[in-house]
Amino acid sequence: MFSLNGSSFLNNSLSGVSRSLTQSTQRKISAPPMVVASVTPNGKPGDRNVSVLMENTLKEMRENAPSSSSASLTENESKSTVGGGVEDVYGEDSATEDHYITHGLSLLLGDESIFFVMMFLSGYPLLRDPHYNKGLAFTEKERDAHFLRGLLPPVVISQQLQYQVPLQRYMAMMDLQERNERLFYKLLIDNVEELLPVVYTPTVGEACQKYGSIFRQPQGLFISLKEKGRILEVLKNWPEKKIQVIVVTDGERILGLGDLGCQGMGIPVGKLSLYSALGGIRPSACLPVTIDVGTNNEQLLNDEFYIGLRRRRATGQEYAELLHEFMTAVKQNYGEKVLIQFEDFANHNAFDLLAKYGTTHLVFNDDIQGTASVVLAGLMASLNLVGGTLADHKFLFLGAGEAGTGIAELIALEISKQTNVPLEEARKKIWLVDSKAIKPTVLIGSSGAGRTFTKEVVEAMAYFNKKPVILALSNPTSQSECTAEEAYTWSEGRAIFASGSPFSPVEYNGTFYASGQANNAYIFPGLGLGLIISGAIRVHDDMLLAASEALAAQVSQENLDKGLIYPPFANIRKISAQIAAKVAAKAYELGLATRLPQPENLVKHAESCMYSPNYRNYR
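Residues numbered from 1 in each chain as written. Predicted model: local features only at pLDDT ≥ 70, side-chain atom pairs only at ≥ 80, totals over all residues. Heavy atoms only, no water.

1. Focus: the overall build of the chain
Working step 1: A tally of helices and strands in the chain yields 26 helices and 19 strands.
Working step 2: A total of 619 residues make up the chain; the buried ones form 55% of that total.
Working step 3: Here the contacts in the chain between residues at least 6 apart in sequence split such that 73% fall between residues at least 24 apart. (Helix = DSSP H or I, 4+ residues; strand = E, 2+ residues; numbered from the N terminus. Buried < 20%, exposed > 50% of the residue type's maximum accessible area, 1.4 Å probe, protein only. Contact = heavy atoms within 4.5 Å.)

Below, the structure written as structure tokens:
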């Protein structure tokens, strides 16, 4: 045995030492400082004094490696094992739960063979790393191999038992995400209907309002006016280099809560959690971003706990230049196929940004396009209950902002597609202003103003229609145009109702009504997955229509018999795969896909590319 402390290891002239890289390390690893544990030939840990090897040691070993090893590294670096073409450095997606996570190399010193297991983290730091921590699920063998003895209580419990612990609050879930990423996603995936309202709307709205008070550690990039001229440099500070999806906000219109400035970061963080849990995008490939240009919220400007710039919002050229620098830097740093999702921008900026960058970047606005797609899917499903085609109905909107305008336009596009009439003619079925004369069959609220669907309004809808379709879409719950109970009671149980935020089942005259939720989470995870697996370079309206049709097709007769126009969230991963397949197929059809050739079975391909949070075995 020999010492590895200080520089003595390097001075042991490795030039005459035979080195052979094991298969698990034949890839380029850019990592924090390494920890090296010596292991004797019988597989047991060796002397603990042979412990620490800094990153420069690994660098020198790479530089001194034979050319054959270098060639092997280069060959493996060029191959992607991740669906969507992004290198999976840690084997998160290519490995099954039975594959072992090992990074090692063998050194032959004379007649004595010593195997060094090289890990990013071991012992106490391993328990603090959310990517690799398993908590009490570390086995007895793993605890010995990775110096965890005494650092954990003696009990060993399964992942299944771990995620049975009830976590009811947003803070608890965020703490879990920081502490044990895989358990967080396992819990969220397996209990999505219960936990979706906890990690996203309506709870995320309150979290954003109090973000300064509950801030613990950064979960994304904060890019402010202070970083103007240096945004590319800021992007390079993010530890993950292979990014597939960015969700970005400037915090000016957070849900229905208004300008929350820098505290809007809770929205990108929450959205990307759903991209991973519901759409199977690797967490390490997701980047939340908040663009801080100030806030016009006087309460925040005077709040000592506010974490953003204390100035009024930048507008005009100052704002446009910062956003343009951001968009340019993203494309330069991550390439043309990174998906940029705009989230909760104010109306005037939302439409401008989508129009400006829709032809040069892979961009998507969830408030405009995502909401439109999920609402259109619900309307298409509702036709099975109310009868007729979309063209047979009249649509009245309360709210002509991002969501309302986006929904109206997508409905018109679908009507035009189905009937072969000009788009302008299809738009005549839709009213974005109040009118007592049109007798609408569908009432859609996207105003952000709570309780605006009054008793008189709902009763009028029920008077004109046997089964009025009422969609109260504004978030969070406090901003909903009406509650589920109000819709069913005032329509005498005849309404086909769905809302943006969830409501509990309602009892009316001895019958229970379970309302649907027109949640964008039905659409954007599958849409994003479809764009990634096809290598799409642009988002086309036909992709949104394809996503709507795919979602509507997932509504079963059993769902319809219960008055539901959306499928259960419990099946969301399968639903996302179906949506991804339809979106990818449309990308190939339109010539916008770059990952060739097209897979024969896009549904199976989408499912195979989805991230799994199951623990990996270590050795």
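Now that the structure is up, let's keep going.
2. Thoughts on the sheet that holds strand β13 (residues 442–445)
Working step 1: Strand order in the open sheet formed by six strands is β12-β11-β13-β14-β15-β18, and the pairing between neighbours is parallel. This sheet does not close on itself; its edge strands, each paired only once, are β12 (430–431) and β18 (516–517).
Working step 2: Relative to β18, strand β15 (residues 496–499) runs parallel, the two being bridged by two bridges. Each residue of the ladder has a partner; that of Ala498, found in β18, is Gly516.
Working step 3: Against the sheet, helix α18 (residues 402–419) engages β11 (395–398), β12 and β13, with an angle of about 165 degrees to β11. (Pairing = 2+ DSSP bridges. Axes fitted to C-alpha atoms, helices over the stretch in contact; angles between N-to-C directions.)

3. Some remarks on the environment of Asn475
Working step 1: By the secondary structure assignment, Asn475 is in the loop between β14 (469–472) and α21 (484–490).
Working step 2: Ignoring anything within four residues of it in the chain, the contact list for Asn475 reads Thr201, Leu255, Gly256, Gly500 and Ser501.
Working step 3: Engagement of the side chain of Asn475 in a polar contact is seen with the side chain of Ser501, the distance being 2.5 Å. (Polar contact = N/O pair within 3.5 Å; in protein donor to acceptor, adjacent residues only side chain to side chain.)

4. Regarding the pairing of β11
Sheet faces and side chains relate simply in a regular strand, where the side chains alternate between the two faces.
Working step 1: Judged from the two bridges that link them, β11 and β12 form a sheet pairing that is parallel. Bridging from a neighbouring strand, Phe395 pairs with Ile430 of β12.
Working step 2: Inspection of the sheet shows β11 paired to β13 by four bridges, in the parallel sense. Within β13, the position partnered with Leu398 by the bridge is Gly445.

5. Overview of the packing of aromatic side chains
Working step 1: Under the counting rule described, the total for this entry stands at twelve aromatic pairs.
Working step 2: Considering the side-chain rings of Phe184 and Tyr185, the 4.8 Å spacing of their centres and the 80 degrees angle between planes classify their relative orientation as edge-to-face.
Working step 3: On the basis of relative accessible area, Phe184 is assigned to the buried category, the value being 0%. (Phe/Tyr/Trp six-rings, centres within 6.5 Å; stacked < 30°, edge-to-face > 60°.)

6. Some words on the packing of helix α8 (residues 181–190) against helix α9 (residues 192–199)
Working step 1: At their nearest, the axes of α8 and α9 sit 6 Å apart, and the two run at 120 degrees to each other. What the angle tells us is that α8 and α9 run oblique. For the pair formed by α8 and α9, the contact residues are Phe184, Leu187, Leu188, Ile189 and Asp190 on the first element and Val192, Leu195, Leu196 and Val199 on the second.
Working step 2: Of the residues assigned to the contact of α8 with α9, the class counts are eight nonpolar, no polar and one charged. (Parallel < 35°, antiparallel > 145°, perpendicular 65-115°, else oblique. Nonpolar A, V, L, I, M, F, W, Y, C, P; charged D, E, K, R; others polar.)

7. Topic: the confidence of the model for the chain
Working step 1: Of all residues in the chain, 79% have pLDDT values of 70 or greater, and the mean over the chain is 82.
Working step 2: Across residues 65–87, confidence stays below pLDDT 50; counting only partners more than four residues off in sequence or on other chains, it has 33 contacts. (pLDDT = per-residue confidence, 0-100.)

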